[in-house]
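What follows is each chain in one-letter form.
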Amino acid sequence: MEYKICVNKLRLYYGESLALKKISIDIHNNNVLALIGPSGCGKSTFLRTLNRMNDLIPNVKIEGEVLIDGVDIYHPDTDVVMLRKRVGMVFQRPNPFPMSIFENVAYGPRIHGMSNKAVLREIVEKSLTGAALWDEVKDRLNDSAMGLSGGQQQRLCIARLLAVEPEVLLMDEPCSALDPISTMKIEELVTDLKAKYTIIMVTHNMQQAARVSDYTGFFLNGDLVECDKTDAMFTRPNDKRTEDYITGRFG
C-alpha cells in the first residue's frame, strides 16, 4: 500500500470552537512528513488525532475519518491501547521515566506481557541501537535515565517507542529543547528510521523540515493550506501564504 495513513475531511472541535477545518491528506509509507506553520495553527492538534491522544481532552468532537492501512481508527471497535502501540509519540520535551535506562526501554514490552529476561535484554539492546544510543549507554544500563543529557533522554524516549515495535512515529517538535549537536543527532536518526517507519514530525524550524522530510504540509488557522514534496514546497509553493511563511514574512 502506497499510503500508510489517509485522512479524509477531518474536523476537530474543542467545544464549539473549530480547531481543524476539513483536513484531507494522504501520508506515504516509509517517508518523513514535516508539518510547519505558526504557533496555534493546529499542527500538534492534528498530530494527536493520528493516535487519538485528543480523546484525553474534555469536550473534543471529531468528524471525518483517519484510515491507517485502510482501517478507520475512530471506529467504535478500535482498541486504542493497541493503536497507541502501533502509532507512538515523542513529545517536545524528553520525558524519561524515573527509573534505570534499561527499565525505561523494557517498560513497554513488560506492559504487553514480555517477562523473559533474555528476550528483554535483546529488545533493549536492539531498541537503543535503533535510537543511536547503545554505544553511549551500554555500560550504564542500570543508571538512572534522569542522569542522561537532554539529547540522550530524547533518544531514550525514541528507543522506548521502538521497543514496542510501532509502525508510525509521531514527533512533536522533538528538537525544540535540544542543543544544536543533539538536534543534528536526532535529525540523522530520523533519516535512518524512515527505512522502517512512517514519521510525521511537527517543527518550527524551516531548515530542519528541508533537511529531514520528504513531504511538507503547511498549516494555518486550523487549515492545511497545502502539502507537497519538500523540495517543491520550499522552491515552488502553490499558495502565496505558504511562500510568505517560508520566507519569514509572518509567523
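Residues numbered from 1 in each chain as written. Predicted model: local features only at pLDDT ≥ 70, side-chain atom pairs only at ≥ 80, totals over all residues. Heavy atoms only, no water.

K.L.:
With reference to specific residues and values, describe the overall build of the protein.
P.N.:
A count of helical and extended segments in the protein gives ten helices and ten strands. What you see for the protein is a C-alpha radius of gyration of 18 Å, in line with the 18 Å of a compact globule of 251 residues. Here the protein holds 251 residues, and 50% of them are scored as buried. Summarising the internal contacts of the protein: among those between residues at least 6 apart in sequence, 67% fall at separations of at least 24. Accessible surface computed for the protein: about 11900 Å², of which carbon and sulfur atoms make up 49%. Positive and negative side-chain charges in the protein, numbering 30 and 33 respectively, have mean positions lying 2 Å apart. (Helix = DSSP H or I, 4+ residues; strand = E, 2+ residues; numbered from the N terminus. Rg over C-alpha atoms; globule rule 2.2 N^0.38 Å. Buried < 20%, exposed > 50% of the residue type's maximum accessible area, 1.4 Å probe, protein only. Contact = heavy atoms within 4.5 Å. Areas by Shrake-Rupley, 256 points an atom, 1.4 Å probe, with all protein chains shown as cover. Lys, Arg positive; Asp, Glu negative; His and termini not counted. Charge placed at Lys NZ, Arg CZ, Asp CG, Glu CD.)

K.L.:
With reference to specific residues and values, describe the sheet that holds strand S10 (residues 223-229).
P.N.:
Spatially, S6-S7-S8-S3-S9-S10 is the arrangement adopted by the six strands of the open sheet, whose pairing is mixed. With partners counted over all chains shown, the strands left at the sheet margins are strand S6 (87-90) and S10, one partner each. Mean inter-strand twist for the sheet, computed between neighbouring axes without regard to direction, equals 20 degrees. Sheet topology note: the strand S3 (residues 32-36)/strand S9 (residues 215-220) ladder contains four bridges and is parallel. Among the inter-strand pairings, Ile-36 is bridged to a residue of S9, identified as Phe-218. Each of S6 and strand S7 (168-172) touches helix H6 (residues 150-162); the most contacted strand, S6, lies at about 170 degrees to it. (Pairing = 2+ DSSP bridges. Axes fitted to C-alpha atoms, helices over the stretch in contact; angles between N-to-C directions.)

K.L.:
Please give an account of the packing of helix H4 (residues 117-130) against H6 that cites residues and values.
P.N.:
Each pair of packed helices can be described by the angle between their axes along with the distance between the axes. Where H4 contacts H6, the two axes come as close as 8 Å, and the packing angle between them is 130 degrees. With respect to H6, the element H4 is oriented oblique. As for how H4 packs across H6, the hand of that crossing is right-handed. Taking contact as the criterion, the partners of Ser-127, Leu-128 and Gly-130 in H4 are, on H6, Leu-156, Ala-159 and Leu-162. Residue composition of the contact of H4 with H6, grouped by class: four nonpolar, two polar and no charged. (Parallel < 35°, antiparallel > 145°, perpendicular 65-115°, else oblique. Left-handed = near helix turned anticlockwise from the far one by under 90°. Nonpolar A, V, L, I, M, F, W, Y, C, P; charged D, E, K, R; others polar.)

K.L.:
Please provide a residue-by-residue account of the side chain of Glu-187, values included.
P.N.:
Summarising the element assignment, Glu-187 is placed in helix H7 (residues 180-193). Residue classification places Glu-187 among the buried positions, given a relative accessible area of 8%. Ignoring anything within four residues of it in the chain, the contact list for Glu-187 reads Gln-208, Arg-211 and Val-212.

K.L.:
Tell me about the nonpolar core, and please be specific about residues and values.
P.N.:
Formed by 34 residues in total, the largest nonpolar core has its most connected members in Leu-128 and Ile-158. For this core, the secondary structure elements donating two or more residues are helix H3 (101-111), H4, helix H5 (134-137), H6, S7, H7 and strand S8 (198-202). Element by element, the count of residues in this core is highest for H6, at five residues. Beyond its immediate sequence surroundings of up to four residues, Ile-158 is in contact with Val-90, Ala-131, Met-171, Ile-186, Leu-189 and Leu-193. Listed in part, the 30 residues of the second largest apolar core include Ile-5, Leu-12, Ile-25 and Met-53. (Core = buried A, V, L, I, M, F, W, Y, C linked by side-chain atoms within 4.5 Å.)

K.L.:
Could you give me a rundown of the pattern of salt bridges, with the residues and numbers involved?
P.N.:
Tallied over the full model, the rule gives 17 salt bridges. A salt bridge links Asp-143 to Arg-140; the shortest N-O distance between them is 3.8 Å. Salt-bridge contacts for Asp-239 lead to Arg-241; the nearest nitrogen and oxygen are separated by 3.0 Å. Note on Arg-241: relative accessible area 39%, which makes it partly exposed. Sharing partners across several salt bridges, the network here consists of Lys-4, Asp-69, Arg-86 and Glu-167. (Salt bridge = Lys/Arg side-chain N within 4 Å of Asp/Glu carboxyl O.)

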